[in-house]
Amino acid sequence: MHNVTLIKGDGIGPSIMEAAVAVIDASGAKINWHLAEAGLTAFEQTGTPLPEATLASIAETRVAFKGPLTTMVGEGFRSINVELRKTYDLYANVRPAKSWNGVKTRFENVDIVIVRENTEGLYVGLEHYLSPKKDIAESLAVITRAGSERIVEYAFKYARDNQRKKVTVCHKANILKFSQGLFLNTAREVAAKYPDIEFDEKIIDAACMHMVMKPEQFDVVVTTNMFGDILSDITAGLVGGLGLIPGANIGADAALFEAVHGSAPDIAGKNIANPVAVMMAGVMMLNHLGEHEAAIRMQNAIEKVVNEGIYVTPDLNPASTTGTKEMGLAIIAAME
Ligand code: NAD
């Protein structure tokens, strides 16, 4: 029995998470779900978007399965997602993007894993105004050797453990010679320890162009925080959009699994949100928990239903009237 903190989240969160939990429970994995709140829903109920009880639950279970959270706008509110990553030092953000046979896109055979540094760079939260009139602002991008080393190590270990052939580091060291230079140099040092994995370097702007022209040249990509944020949305677009991409946030002693997309308030409450991204995050979580058989069973069933394209939500097949819940039931049926 594995203990997992379950945060259903805001907007479409509860409906996609309930569908995903039903599929995980049907996969054969034994999960003891610890229900916790965060985000706008938590703020409305408890006066804080990240209650102590939620932090205590993750501190105990060390694994969280999280729905999207609506970011509250306005000074004084920090992103809860950034807060969770900082609290548990979830330094590696892993976002796999793979083509689906049943999802029509411009490219076939895309299979890219973005490994994004999750705690440093422009997301350290060091921002301020430099003038009383607030007409000059400064944001600091902090890069450390230790932070660079552990994320590049993670990418190479991931490549080795998952039978991947190549790691590409994406950077802007030609302009940001200190911060990005430190990241690139550290990546080169780490790469030298993995002679069995091909190593490539690309300047981020060229990498973006290559990615939308010849995505097949990318395998595992490792990069700093902001570049990873942007690149992983490009890879999402290559394989059919945000509704399909899972994300894992991995730290030394905790891990959090979620979809890459947000709470989609425009479609909340309509039972039309695509649950595949969170379900694929569930597959990543089962693998993390060592439940490999359940993970494969679940992944095969999701792929079967998506590739058949019948019992899928309207974003995948505009002619379909299948809802979020019904797509989940079709995936459970495909496992049996
Ligand atoms: P979004 O990802 O919620 O939505 C962008 C577009 O994609 C919308 O048109 C939406 O309907 C569609 N979409 C997203 N997920 C979908 C799904 N599963 N099925 C079908 N369509 C889907 O991005 P946004 O509108 O910029 O953000 C909404 C809120 O979510 C904001 O408050 C934002 O801060 C937050 N957010 C949270 C996370 C997170 O919790 N990890 C990530 C991104 C954004």
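What this report covers is the structure whose coordinates are included nearby. (Residues numbered from 1 in each chain as written. Predicted model: local features only at pLDDT ≥ 70, side-chain atom pairs only at ≥ 80, totals over all residues. Heavy atoms only, no water.)

Time to look at empty space enclosed by the protein. Applying the stated rule across the entire model yields one cavity of 30 Å³ or more. What the largest cavity holds in volume is close to 40 Å³. Around the largest cavity, the lining residues are Val82, Arg85, Lys86, Asn118, Thr119, Glu120, Tyr123 and Asn225. A per-element tally of the lining of the largest cavity places helix 4 (residues 80-87) first, with three residues. Class assignment of the residues belonging to the lining of the largest cavity gives a composition of two nonpolar, three polar and three charged. (1 Å grid on protein atoms, 1.4 Å probe; cavity = no way out; pocket = protein on both sides within 12 Å on 5 of 7 lines; lining within 4 Å. Points joined across faces, edges and corners; volume = space filled by probe spheres on them. Helix = DSSP H or I, 4+ residues; strand = E, 2+ residues; numbered from the N terminus. Nonpolar A, V, L, I, M, F, W, Y, C, P; charged D, E, K, R; others polar.)

On to the packing of aromatic side chains, then. Under the definition given, this model contains five aromatic pairs. Note on Trp33 and Phe65: the rings are 6.0 Å apart at their centroids and 35° apart in plane angle, and the pair reads as tilted. Here Trp33 is found in strand 2 (residues 31-36), whereas its partner Phe65 is found in strand 3 (residues 63-66), with 32 residues between them in sequence. Each residue in the set Tyr91, Tyr154 and Tyr158 is aromatic and connected to the rest through ring pairs, giving one cluster. (Phe/Tyr/Trp six-rings, centres within 6.5 Å; stacked < 30°, edge-to-face > 60°.)

Attention now goes to helix 9 (residues 276-288). The α-helix advances 3.6 residues per turn, and as a result positions three or four apart in sequence lie on the same side. In this model helix 9 runs 18 Å from its N-terminal to its C-terminal C-alpha over 13 residues, within 8% of the 18 Å that 1.5 Å per residue would give. Most of helix 9 sits inside the fold, with eleven of its 13 residues counted as buried. Among the residues of helix 9, Val276, Ala277, Val278, Met279, Met280, Ala281, Gly282, Val283, Met284, Met285 and Leu286 are the ones counted as buried. Immediately beyond the C-terminal end of helix 9, within one or two residues, lies Gly290, with a positive phi of roughly 85°. (Expected span 1.5 Å × (residues − 1). Buried < 20%, exposed > 50% of the residue type's maximum accessible area, 1.4 Å probe, protein only.)

This part takes up the site of the ligand. Around the ligand, 19 residues are found, and the nearest of them are Leu69, Thr71, Gly262, Ala264 and Asn274. A per-class count over the shell around the ligand returns nine nonpolar, seven polar and three charged. (Near = heavy atom within 4 Å.)

Viewed as axis vectors pointing N to C, helix 10 (residues 292-308) and helix 11 (residues 324-335) meet at an angle of 120°, and their least axial separation amounts to 8 Å. Looking at the two axes, helix 10 sits oblique to helix 11. Both helix 10 and helix 11 take part in a crossing whose hand is right-handed. For the pair formed by helix 10 and helix 11, the contact residues are Arg297, Met298, Ala301, Ile302, Lys304, Val305 and Val306 on the first element and Met327, Ala330, Ile331, Ala334 and Met335 on the second. Split into classes, the residues belonging to the contact of helix 10 with helix 11 amount to ten nonpolar, no polar and two charged. (Axes fitted to C-alpha atoms, helices over the stretch in contact; angles between N-to-C directions. Parallel < 35°, antiparallel > 145°, perpendicular 65-115°, else oblique. Left-handed = near helix turned anticlockwise from the far one by under 90°. Contact = heavy atoms within 4.5 Å.)

Quick look at the sheet that holds strand 1 (residues 2-7) now. Taken in spatial order, the ten strands make up an open sheet running 2-1-3-12-11-4-5-10-8-9, and their pairing is mixed. With partners counted over all chains shown, the strands left at the sheet margins are strand 2 and strand 9 (198-203), one partner each. Across the sheet, the mean angle separating the axes of adjacent strands is 25° when strand polarity is ignored. Here four bridges tie strand 3 to strand 12 (residues 255-259), and the two strands are oriented parallel to one another. Within strand 12, the position partnered with Lys66 by the bridge is Glu258. The strands that helix 1 (residues 13-26) touches are strand 1, strand 2 and strand 3; relative to strand 3, the one it contacts most, it runs at about 130°. Helix 9 rests against strand 1, strand 2, strand 3, strand 4 (92-98), strand 11 (246-250) and strand 12 of the sheet, and its axis sits at about 160° to strand 12. (Pairing = 2+ DSSP bridges.)

This next bit is on unusual backbone geometry. Unusually for a residue other than glycine, Arg62 sits at a positive phi of about 70°. As for its position among the elements, Arg62 is in the loop between helix 3 (52-61) and strand 3.

Its boundaries defined by the atoms lining it, the largest pocket holds a volume of some 870 Å³. What lines the largest pocket is a set of 30 residues, among which Pro96, Tyr158, Met284, Asn287 and Gln299 lie closest to the centre. Within the residue set of the lining of the largest pocket, elements represented by two or more residues are strand 4, strand 5 (111-117), helix 5 (145-161), strand 11, helix 9 and helix 10. No other element matches helix 10, which puts six residues into the lining of the largest pocket.

One finds Trp33, Phe65, Val222, Phe257, Met285, Met298 and Ile302 to be the most contacted residues of the largest nonpolar core, which totals 73 residues. Take this core: its biggest share by element is ten residues, from helix 9. Ignoring sequence-local partners within four residues, the contact set of Phe257 consists of Val63, Ala64, Phe65, Lys66, Gly247, Ala248, Ile250, Ala281, Met284, Met285 and His288. If you look at the next biggest cluster of nonpolar residues, it comprises 17 residues, including Ile114, Phe218, Ala236 and Val239. (Core = buried A, V, L, I, M, F, W, Y, C linked by side-chain atoms within 4.5 Å.)

A separate point is the environment of Leu182. Topologically, Leu182 is positioned in helix 6 (residues 179-191). Taking C-alpha positions, Leu182 is 39 Å from Ala36, a pair spaced 146 residues apart along the chain. With sequence-adjacent residues up to four places away left out, Leu182 is seen in contact with Ile143, Thr144, Arg145 and Lys177.

Fair warning: the whole summary comes from geometry, so function is off the table for now.
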